[in-house]
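# Coordinate inspection notes
In case you want the letters, here they are:
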Amino acid sequence: MGDIGVGFGYLMKGQRWVAGHGRWFGFGLLPGLVTLLLYAAVLVGLSYGGDDLTTWATPFADDWSSPWQGLFRGFLVVLLFALVLFLAVIAFTAVTLLVGQPFYESLSEAVDRAEGGEVPESGLPLWRELWISARDSLRILARVALYGVLLFAAGFIPVVGQTVVPAIGFCVSGFFLTEELVAVALQRRRIDLKARLALLRGRRMLTLGFGVPLTLAFLIPVVAIFLMPGAVAGATLMARDLIEPERELGPVPAPGDGTVPAPDATLALGKTAWPPAPGQEPQTPPRF
């Protein structure tokens, strides 16, 4: 459980870092403001059309007597908003990071530079980095949507649906929110999505300690804009803890999508062979 406190500590350290570097804080606000305007338009549209949507989706309840029809459809509207908010936390981060890719990558590099040691660079052109970020974000959103549907269905279970399911939902959101944020630093180190997920699963409590409080804070309107720069800074600090700096790869991208797994993450996946000694057969590393 100590990792939970460590993860929360990285979140706080990131906020303190940008507070002490006001220029980066100001730059980091711009992408969040643009994204917030887009999301405000979507939520306003949903607030006007939510009742019509549930009425269309539940024709079997047209003949129900009052008050059961209103209670049932009102409950569905609440669940619909909960599902949208569940997806919105991750989607807001993904869209904001995509819109502000140059800003947040520069912020992450500044954190690495301030902390000392090598400042890795992906060596990829901006358009390729944007493509990789968009592709990985869509993959994450697909996972979140799948969990969202399952949790939405589980929400109908009495008692459990109103207690355990929301808690699981916050943990799922926190995990994938953290992945989106550490991707800024780890993608520069040419660590692909599969390897990033392996790293985070290996430090699950650390990941949740960082992501769950941030998820709860992101539910408060406008707060996400002001926390995003510090969240990127904190995720960069945490990424340095997730990998061994001396084992980071160089800036030359591998053929294909421009990213390769980090050595530690690859070992966790059990897909890389150990370099054989002279006269020995190649060996597969053990799975952890």
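Now for a quick tour of the structure. (Residues numbered from 1 in each chain as written. Predicted model: local features only at pLDDT ≥ 70, side-chain atom pairs only at ≥ 80, totals over all residues. Heavy atoms only, no water.)

## Here's the deal with the packing of helix α6 (residues 160-188) against helix α8 (residues 204-218)
Look at α6 against α8: their axes get within 7 Å of each other, and the N-to-C directions meet at 105°. Relative to α8, the element α6 is oriented roughly perpendicular. Taking contact as the criterion, the partners of Phe-170, Cys-171, Ser-173, Gly-174, Phe-175, Leu-177, Thr-178 and Leu-181 in α6 are, on α8, Thr-207, Leu-208, Phe-210, Gly-211, Val-212, Leu-214, Thr-215, Leu-216 and Phe-218. When the residues that make up the contact of α6 with α8 are grouped by side-chain class, the tally is 11 nonpolar, 6 polar and no charged. (Axes fitted to C-alpha atoms, helices over the stretch in contact; angles between N-to-C directions. Helix = DSSP H or I, 4+ residues; strand = E, 2+ residues; numbered from the N terminus. Parallel < 35°, antiparallel > 145°, perpendicular 65-115°, else oblique. Contact = heavy atoms within 4.5 Å. Nonpolar A, V, L, I, M, F, W, Y, C, P; charged D, E, K, R; others polar.)

## Examining the packing of aromatic side chains
Two aromatic rings, taken as a pair, are described by how far apart their centres are and by the angle between their planes. Summed over all chains, the structure comprises 2 aromatic pairs. Seen from their ring centres, Tyr-147 and Phe-176 are 6.0 Å apart, and the 45° between their planes marks the pair as tilted. Here Tyr-147, found in helix α5 (residues 126-154), pairs with Phe-176, found in helix α6; they are 29 residues apart in sequence, far enough to count as distant. Given a relative accessible area of 39%, Tyr-147 falls into the partly exposed group. Judged by its relative accessible area of 6%, Phe-176 falls in the buried class. Summarising the aromatic geometry, the rings of Phe-175 and Phe-176 are spaced 5.3 Å apart at their centres and angled 90° between planes, so their arrangement reads as edge-to-face. (Phe/Tyr/Trp six-rings, centres within 6.5 Å; stacked < 30°, edge-to-face > 60°. Buried < 20%, exposed > 50% of the residue type's maximum accessible area, 1.4 Å probe, protein only.)

## A closer look at the environment of Phe-156
For Phe-156, the position within the fold is in the loop between α5 and α6. Classification of Phe-156 as partly exposed rests on a relative accessible area of 40%.

## Side note on empty space enclosed by the protein
Per the counting criterion, the structure on display carries 3 cavities of 30 Å³ or more. By volume, the largest cavity amounts to about 140 Å³. Every element with two or more residues in the lining of the largest cavity is listed here: α3 (68-99), α5 and α6. Ranked by the residues each element gives to the lining of the largest cavity, the list is headed by α6, at 5 residues. (1 Å grid on protein atoms, 1.4 Å probe; cavity = no way out; pocket = protein on both sides within 12 Å on 5 of 7 lines; lining within 4 Å. Points joined across faces, edges and corners; volume = space filled by probe spheres on them.)

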